[in-house]
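# Examining the three-dimensional arrangement
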Amino acid sequence: MKLGALAEAIEEAAALEWGPREFQKWVRIEQGAETFRVKLFQFFDAGESQLPIRYEAFVDHVARILERSGAAVEVIGYADLSEELSSSGYSSTWELSLARAKGVVKHWLERVPALAPRVVISAHGVNGPLSREKTPEGRALNRRLEWVIRPSRKGDQTSTSGAAVGAFFAGS
């Protein structure tokens, strides 16, 4: 599947989930020359890393699209500077953002194990905020996920990388 068609398929999945106009409140797709980025806004409640039920159907749909496409994806977790960590069980916003990315990837792999060799997890903590507003809405924009999707390259689908992802989740 070509990159443009893949971006369109994910946009269609978002439109089906939330409506043709409404989805843009939650999902934005930015296409580059060799990759595209899917930004999932207001994805998590403050201090939370669990995949919200309201997003499960969309996330599942995207996993199936990625499986068919053969594309590689980097899942990046973000946090907001104001998140209360003391009650969340995380010692840093970086750790919280990692748990967010890891949770979505774990959800994908439980449903589509074939994605394992093509997934990379990153955590950016509070780096790269979308909003500097100190309003609840501005802070919610920073509690997000991003998926950077690109065509697979030679070496992406190796048993070594699949084993590394599997080992990463074995400690969960």
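Residues numbered from 1 in each chain as written. Predicted model: local features only at pLDDT ≥ 70, side-chain atom pairs only at ≥ 80, totals over all residues. Heavy atoms only, no water.

### Description of the overall build of the protein chain
Helix and strand content of the protein chain: five helices and five strands. When the helices and strands of the protein chain are read in sequence order from the N terminus, they spell out α-β-β-α-β-α-β-α-β-α. A buried classification covers 47% of the 172 residues belonging to the protein chain. Accessible surface computed for the protein chain: about 8,900 Å², of which carbon and sulfur atoms make up 51%. (Helix = DSSP H or I, 4+ residues; strand = E, 2+ residues; numbered from the N terminus. Buried < 20%, exposed > 50% of the residue type's maximum accessible area, 1.4 Å probe, protein only. Areas by Shrake-Rupley, 256 points an atom, 1.4 Å probe, with all protein chains shown as cover.)

### Overview of the nonpolar core
Counting 38 residues, the largest nonpolar core has Phe58, Trp108, Trp147 and Ile149 as the members making the most contacts within it. A per-element tally of this core places helix α1 (residues 3-18) first, with eight residues. Every residue in contact with tryptophan 108, bar those within four places of it in the chain, is listed here: Val59, Val62, Ala63, Leu66, Val73, Val75, Leu115 and Trp147. (Core = buried A, V, L, I, M, F, W, Y, C linked by side-chain atoms within 4.5 Å. Contact = heavy atoms within 4.5 Å.)

### Describing the confidence of the model for the protein chain
The share of residues in the protein chain with pLDDT of 70 or more is 88%, and the mean pLDDT across the chain is 84. Under a pLDDT of 50 for its full length, residues 157-164 has, in the predicted model, nine contacts with residues more than four places off or in other chains. Under a pLDDT of 50 for its full length, residues 166-172 has, in the predicted model, 10 contacts with residues more than four places off or in other chains. (pLDDT = per-residue confidence, 0-100.)

### Focus: the packing of helix α2 (residues 53-69) against helix α3 (residues 93-111)
Two elements in contact, α2 and α3, have axes whose closest approach is 10 Å; the angle formed by their N-to-C orientations is 60°. Looking at the two axes, α2 sits oblique to α3. Crossing angle aside, the handedness with which α2 passes α3 is right-handed. Within the contact between the two elements, α2 uses Glu56, Val59, Asp60, Val62, Ala63 and Leu66 and α3 uses Val104, His107, Trp108 and Arg111. Each residue belonging to the contact of α2 with α3 can be placed in one class, and the counts come to six nonpolar, one polar and three charged. (Axes fitted to C-alpha atoms, helices over the stretch in contact; angles between N-to-C directions. Parallel < 35°, antiparallel > 145°, perpendicular 65-115°, else oblique. Left-handed = near helix turned anticlockwise from the far one by under 90°. Nonpolar A, V, L, I, M, F, W, Y, C, P; charged D, E, K, R; others polar.)

### Structural notes on the environment of arginine 100
Position of arginine 100 among the secondary structure elements: in helix α3. For the pair formed by arginine 100 and alanine 123, sequence separation is 23 residues and the distance between their alpha carbons is 8.4 Å. If we ignore the near neighbours within four places in the chain, the residues touching arginine 100 are Phe44, Asp45, Ala46, Gly47, Glu48, Ser49, Tyr78, Ala79, Glu83, Arg143 and Leu145.

### Quick look at the packing of aromatic side chains
One pass over the structure, following the stated rule, counts six aromatic pairs. Taking the centre distance of 4.2 Å and the plane angle of 25° together, the rings of phenylalanine 43 and tyrosine 55 count as stacked. With phenylalanine 43 in the loop between β2 (36-40) and α2 and tyrosine 55 in helix α2, this residue pair connects regions lying 12 residues apart in the sequence. Both residues of the pair, phenylalanine 43 and tyrosine 55, count as buried. Seen in terms of ring centroids, phenylalanine 58 and tryptophan 147 are 6.0 Å apart; in terms of plane orientation they differ by 20°. Their pairing is stacked. With phenylalanine 58 in helix α2 and tryptophan 147 in strand β5 (residues 145-150), this pair connects stretches of sequence that are 89 residues apart. Here phenylalanine 58 and tryptophan 147 have matching classes, each one buried. (Phe/Tyr/Trp six-rings, centres within 6.5 Å; stacked < 30°, edge-to-face > 60°.)

### Describing α3
In this model, α3 (19 residues) spans 28 Å end to end at C-alpha, consistent with the 27 Å of a helix rising 1.5 Å per residue. For α3, the full list of buried residues reads Thr93, Leu96, Ser97, Leu98, Ala99, Arg100, Ala101, Val104, Val105, His107, Trp108 and Leu109. (Expected span 1.5 Å × (residues − 1).)

### Side note on the pairing of strand β1 (residues 27-31)
As a general feature of sheets, a regular strand has side chains that alternate between the two faces. As paired strands, β1 and β2 are joined by five bridges and run antiparallel to one another. Its bridge partner lying in β2, glutamate 30 is registered against arginine 37. Hairpin remark: β1 followed by β2, antiparallel, with four residues in the connecting loop. (Pairing = 2+ DSSP bridges.)

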